[in-house]
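Overview (structure and organization)
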Amino acid sequence: MEYNITGHTGLTGLLGSPVAHSISPMMHNESFRYLNLDYVYLCFDVNTDHLKEAVTGLKTLGVKGFNCTMPVKNKMFELIDEASPAAEIIGAVNTVLNDNGKLIGYNTDGIGYMKAVQDAGHNIIGKKMTLLGAGGAATAVCTQAALDGVSDINVFSLKDQFYPRAEQLVERINKNTNCKVTLYDLDDKNALYESIASSDILTNGTPVGMAPNTDACIIEDESIFRPELIVSDVIYNPEETKLMKMAKSHSCPVFNGLFMLLYQGAEAFKIWTGEDMPIELIKSKYFVR
């Protein structure tokens with residue numbers, strides 16, 4: 001259908017830096033056109049130094065909502081009026097709804113991951129996860145998995161200057177969900193491999209293996225892979241990481257982070273418009289080669 005911006009067009013968009021590479025405008029604008037919704041989605045290159053002014057301006061202009069990406073997700077949490085349960089635990093926001101001047105913050109990254117698990121044909125509710133990393137993506141995955149009902153999550157993180165922040169996150173998740181989350185030093189390979197041996201799913205939430213360093217992989221001992229172990233990676237460039245290749249060679253079901261990106265966007269779309277994103281259309285145009 002023909003799509004025209006009108007005097008009633010609702011503004012949505014993406015804040016962060018850099019943002020020019022983002023696929024989000026194509027996803028959302030295609031969905032708006034398909035559903036005949038009078039919205040538009042734009043990208044705004046904004047860093048943390050100018051985030052407050054940008055948000056004030058967008059709020060004054062009556063923006064319907066917006067996404068946040070690096071490096072402004074944590075800073076955005078300080079600027080909202082209300083937070084979803086996941087955003088409250090994580091302390092970071094990737095989606096904001098402007099509800100008549102009240103900014104409500106959400107974190108849809110974890111929802112995107114959990115829906116990607118379902119899309120791949122798996123049910124991990126009531127089961128055990130081993131999660132590599134405690135950064136932004138891993139934090140969102142861990143929090144939403146716990147909220148949704150994953151029974152146990154063992155998180156393995158580098159014991160660096162950010163480790164205390166991971167400890168605080170684990171404490172908040174354990175306090176606010178029924179999931180048992182335990183934090184380990186990533187260098188403790190014995191604990192790592194023991195955890196994987198008793199887990200239903202292994203998830204890499206770190207950038208290890210991302211292009212251009214595609215030969216990197218946290219897992220060194222391939223004997224830990226078994227056919228009933230689900231292996232996932234939040235990375236989608238390359239489409240098949242070294243971790244996934246190793247797992248596939250041992251008959252493990254695998255999936256990457258591409259549909260996590262799709263479904264986190266779909267959740268934001270629903271928050272702003274109340275409508276379901278036309279998932280199959282967006283998949284066919286931008287995600288499935």
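These lines cover the structure that appears in this document, whether it is placed above or below.

Parameters and conventions
- Residues numbered from 1 in each chain as written.
- Predicted model: local features only at pLDDT ≥ 70, side-chain atom pairs only at ≥ 80, totals over all residues.
- Heavy atoms only, no water.
- Pairing = 2+ DSSP bridges.
- Helix = DSSP H or I, 4+ residues; strand = E, 2+ residues; numbered from the N terminus.
- Contact = heavy atoms within 4.5 Å.
- Axes fitted to C-alpha atoms, helices over the stretch in contact; angles between N-to-C directions.
- Phe/Tyr/Trp six-rings, centres within 6.5 Å; stacked < 30°, edge-to-face > 60°.
- Buried < 20%, exposed > 50% of the residue type's maximum accessible area, 1.4 Å probe, protein only.
- Salt bridge = Lys/Arg side-chain N within 4 Å of Asp/Glu carboxyl O.
- Core = buried A, V, L, I, M, F, W, Y, C linked by side-chain atoms within 4.5 Å.

The subject of this paragraph is the pairing of strand S2 (residues 39–45). In the sheet, strand S1 (residues 10–16) pairs with S2 via seven bridges, with the strands oriented parallel. Each residue of the ladder has a partner; that of Gly-16, found in S2, is Asp-45.

Let's shift gears to the sheet that holds S1. Read across the open sheet, the six strands follow the order S2-S1-S3-S5-S6-S4; overall the sheet is mixed. Since the sheet does not close on itself, it has two edges, and those belong to S2 and strand S4 (82–83), each with one partner. Bridging between S1 and strand S3 (residues 65–68) involves four bridges; their strand directions are parallel. Residue Gly-13 lies in a different strand from S3, and its bridge partner there is Phe-66. Here helix H1 (residues 24–34) sits on the sheet and contacts S1, S2 and S3; the angle it forms with S2, its principal contact strand, is near 165°. Sheet strands in contact with helix H10 (residues 258–273) are S1, S2, S3, strand S5 (95–99) and strand S6 (102–106), and its direction is about 5° off that of S5.

Ordered in space as S9-S8-S7-S10-S11-S12, the six strands form an open sheet in which the pairing is parallel. Two strands in the sheet have a free side with no partner beyond their single neighbour: strand S9 (180–185) and strand S12 (254–255). When strand S7 (residues 128–132) meets strand S10 (residues 201–204), the two strands line up parallel, connected through four bridges. The residue of S10 that forms the bridge with Met-129 is Ile-201. Taken strand by strand, helix H7 (residues 163–176) contacts strand S8 (152–157) and S9, and its axis lies near 165° from that of S9. Contacts between helix H8 (residues 189–197) and the sheet are confined to S7, S8, S9 and S10, with S7 contributing the most and set at about 145° to the helix.

Taken as a whole and assessed by the stated rule, the structure comprises seven aromatic pairs. Here Phe-32 and Tyr-39 contribute two aromatic rings whose centre-to-centre distance is 5.3 Å and whose plane-to-plane angle is 25°, an arrangement assigned as stacked. For the pair Phe-32 and Tyr-39, a shared accessibility class is recorded, and that class is buried. With 6.5 Å between their ring centres and 90° between their planes, Phe-259 and Tyr-263 make a pair best called edge-to-face. In this pair, Phe-259 and Tyr-263 both sit in helix H10, four residues apart, roughly one turn of the helix.

Let us now look at unusual backbone geometry. Negative phi characterises most residues that are not glycine, and trans characterises most peptide bonds. Cis rather than trans, the peptide bond between Met-70 and Pro-71 has omega equal to 5°. A cis amide bond links Asn-237 to the next residue, Pro-238, at an omega of 10°. As for its placement among the helices and strands, Pro-238 is situated in the loop between strand S11 (230–233) and helix H9 (242–249). A positive phi angle, close to 55°, is found at Asn-100, a residue other than glycine.

This next bit is on the pattern of salt bridges. Inspection of the entire model under this criterion finds twelve salt bridges. Among the ionic pairs, Arg-33 bridges to Glu-30, the shortest N-O distance being 3.1 Å. Highlighted residues: Arg-33 and Glu-30, both in helix H1, separated by three residues, approximately one helical turn. Glu-30 sits in the buried class, given a relative accessible area of 13%. Each of the salt bridges in this network shares a partner with another, and the network as a whole consists of Glu-30, Arg-33 and Lys-285.

When you line up the elements, Ser-195 lands in helix H8. If we skip the residues at most four places from it in the chain, Ser-195 touches Lys-128, Thr-130, Asn-154 and Phe-156.

What follows deals with the nonpolar core. Grouped together as the largest cluster of nonpolar side chains are 29 residues, with contacts concentrated most on Tyr-113, Ile-124, Met-129, Leu-131, Ile-153 and Val-181. Those elements that place two or more of their residues in this core are helix H5 (109–119), S7, helix H6 (136–148), S8, H7 and S9. Counting residues in each nonpolar core, the second largest holds 22 residues, with Leu-14, Ala-266, Trp-272 and Ile-282 among its members.

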